Amino acid sequence: MAAFWTEPDYDDHELVELVRDTASGLTAIIAVHSTHCGPGGGGVRFWHYADPADAMRDALRLSRGMSYKNAMAGLPAGGAKGVILADPTRTKTPAMLAAFGNAIDALGGRYVTAEDVGISEADMTAISQRTRHVSGLPVPEGHAGGDPGPYTAQGIFLGIRAGVAHRLGRESMAGVHVAIQGTGSVGGGVARLLAAEGALLTLADIDHVRAAALADELGGEVVAHDAIMAVPCDVFSPNALGAILDESGIAALRCAVVAGGANNQLARAHHGAMLAARGILYAPDYVINAGGIINVTVEYVARQRGEHGSLEEVNRLIGEIPDRLRAIWQESESTCESPDVIADRMARRLIGRG
Ligand code: NAD
């Protein structure tokens, strides 16, 4: 078997730990990519992988992504990720979560966990019984923390506005047509914020009823989930799956701007250049979708001081997302490199790897 450090996704990660607890049946990987900017922050995913090598690839790739995201958001956090390898029935027990909490605690703060796919706020609370290096815990109303979705949506909304101003020269979203893929926590929040500013919406979700209910509420069109990328519009906003921007996805697009919250939107690195060659302005995903991690990081940092996190601080940091996007787009225009390449370079410089 090839060693993980020969994987293409291995990027001088500071720590990659296999966690095995036979009593609870826990198998997990914790990958800390960089602690240059602070403790490695990133969620833990609970997922069944048919091939465990895919779990390692996820841990390596996602932890590097968190380093980039946290650095670009100006957070005092490095990048890390946890992956719990679930069995095919995805049975999750309190003993497993306790064992995972113990493993985090043993790292002494190098890894700070949070919710990701398959992990709830209740799971986070269970993990927090074993370690204080946890974010995304329930907080009283009016403080940083809790469900990251609305904060992610807020940053994406501001990023879409910035993209529309930059590419189309329009300062208001009134009458701007946005096609939204995925109407869940993030996509639904983006849709509501856009509708409040008078944007025209086309919505799609594999859960057609969900998209239709939102369209009824906000006044938009609904199309089939496999038709949304080809809708003629000003902005395509992907808020469901990753890797949708591949050869056929990019060829289908009929928009001026791609700006949405889904992680890892570019299927391969060269797809950023392909978007640029089609004249489409791209908002790098980990820059525009940082609102949620901003929220939980402010929560975590304050809790370490025995305080609640300030929502003003969260809003201030989310308010900087459009500035960062504009800086990326301007540099992209002056160097003729695509925005994803510029963003990666900026992020690597910030984590001391430039
Ligand atoms: P969610 O589960 O609440 O919503 C996702 C929606 O996408 C669901 O309604 C689902 O039915 C739909 N969907 C799935 N496949 C689809 C397809 N092929 N076409 C159309 N719709 C489809 O998840 P979320 O929290 O809104 O996250 C959405 C994306 O944003 C994910 O990629 C996630 O990794 C990313 N993200 C989320 C946050 C956050 O704060 N929640 C932060 C950063 C990034």
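Conventions adopted
Residues numbered from 1 in each chain as written. Predicted model: local features only at pLDDT ≥ 70, side-chain atom pairs only at ≥ 80, totals over all residues. Heavy atoms only, no water. Core = buried A, V, L, I, M, F, W, Y, C linked by side-chain atoms within 4.5 Å. Buried < 20%, exposed > 50% of the residue type's maximum accessible area, 1.4 Å probe, protein only. Helix = DSSP H or I, 4+ residues; strand = E, 2+ residues; numbered from the N terminus. Domains from an automatic or database assignment. Contact = heavy atoms within 4.5 Å. Buried area = accessible area lost by both parts, 1.4 Å probe. Salt bridge = Lys/Arg side-chain N within 4 Å of Asp/Glu carboxyl O. Polar contact = N/O pair within 3.5 Å; in protein donor to acceptor, adjacent residues only side chain to side chain. Near = heavy atom within 4 Å. Areas by Shrake-Rupley, 256 points an atom, 1.4 Å probe, with all protein chains shown as cover. Pairing = 2+ DSSP bridges. Right-handed = clockwise from strand over helix to strand, strands pointing away.

1. Here's the deal with the nonpolar core
Ranked by size, the top nonpolar core spans 56 residues in total, and within it Ile 160, Met 173, Leu 194 and Ile 294 carry the most contacts. With eight residues, the single largest contributor to this core is helix α4 (residues 149-168). Taken domain by domain, this core gets at least three of its residues from each of domain 1 (4-134) and domain 2 (149-288 + 322-350). Those residues within four positions of Leu 194 in sequence are excluded, and the remaining contacts are Phe 157, Ile 160, Met 173, Val 178, Ile 180, Ala 199 and Leu 201. Counting 24 residues, the second-largest nonpolar core is a separate cluster that includes Leu 26, Phe 46, Phe 100 and Leu 107.

2. Overview of the domain arrangement of the protein
You can read the domains of the protein as domain 1 (4-134) and domain 2 (149-288 + 322-350). Summarising the inter-unit geometry, the C-alpha centres of domain 1 and domain 2 are found 28 Å apart. For the pair domain 1 and domain 2, the summed buried area comes to about 1000 Å², and 58% of that belongs to carbon and sulfur atoms. On the surface where domain 1 and domain 2 come into contact, there are one salt bridge. A salt bridge links Asp 11 to Arg 348, with the shortest nitrogen-to-oxygen separation between them at 3.0 Å. Between the two partners, domain 1 and domain 2, sit four residue pairs in polar contact (both at pLDDT 80 or more).

3. Brief notes about the environment of Ser 310
Its place among the elements puts Ser 310 in the loop between α10 (291-304) and α11 (311-318). For the pair Ser 310 and His 143, spaced 167 residues apart in the sequence, the C-alpha separation amounts to 5.7 Å. In this view, Ser 310 contacts Ala 144 and Val 298; residues no more than four positions away in its chain are not counted. A distance of 3.2 Å separates a polar side-chain atom of Ser 310 from the backbone nitrogen of Glu 312.

4. Things to note about the site of the ligand
Close to the ligand lie 20 residues; Thr 152, Val 186, Asp 205, Arg 210 and Ala 240 are nearest. At 2.6 Å, a side-chain N or O of Asp 205 approaches an oxygen atom of the ligand. Separating a nitrogen atom of the ligand from a backbone N or O atom of Ile 206 is a distance of 3.3 Å. Relative to its unbound accessible area of 830 Å², the ligand is 74% covered by the protein chains. Elements with a contribution of two residues or more to the shell around the ligand: α4 and α5 (185-196).

5. Quick look at the pairing of strand β8 (residues 200-204)
By the criterion of burial, β8 is predominantly enclosed, with four of the five residues buried. Here strand β7 (residues 177-181) pairs with β8 via five bridges, running parallel. Residue pairing across strands places Gln 181 opposite Ala 204, the latter belonging to β8. At this point the chain moves from β7, through α5, to the parallel β8, and the crossover so formed is right-handed. Of the strand pairs in this sheet, β8 and strand β9 (residues 221-222) are connected by two bridges, and their pairing is parallel. In the strand pairing of β9, Thr 202 is matched with Glu 221. Each parallel crossover has a hand, and for β8 linked through helix α6 (residues 208-218) to β9 it is right-handed.

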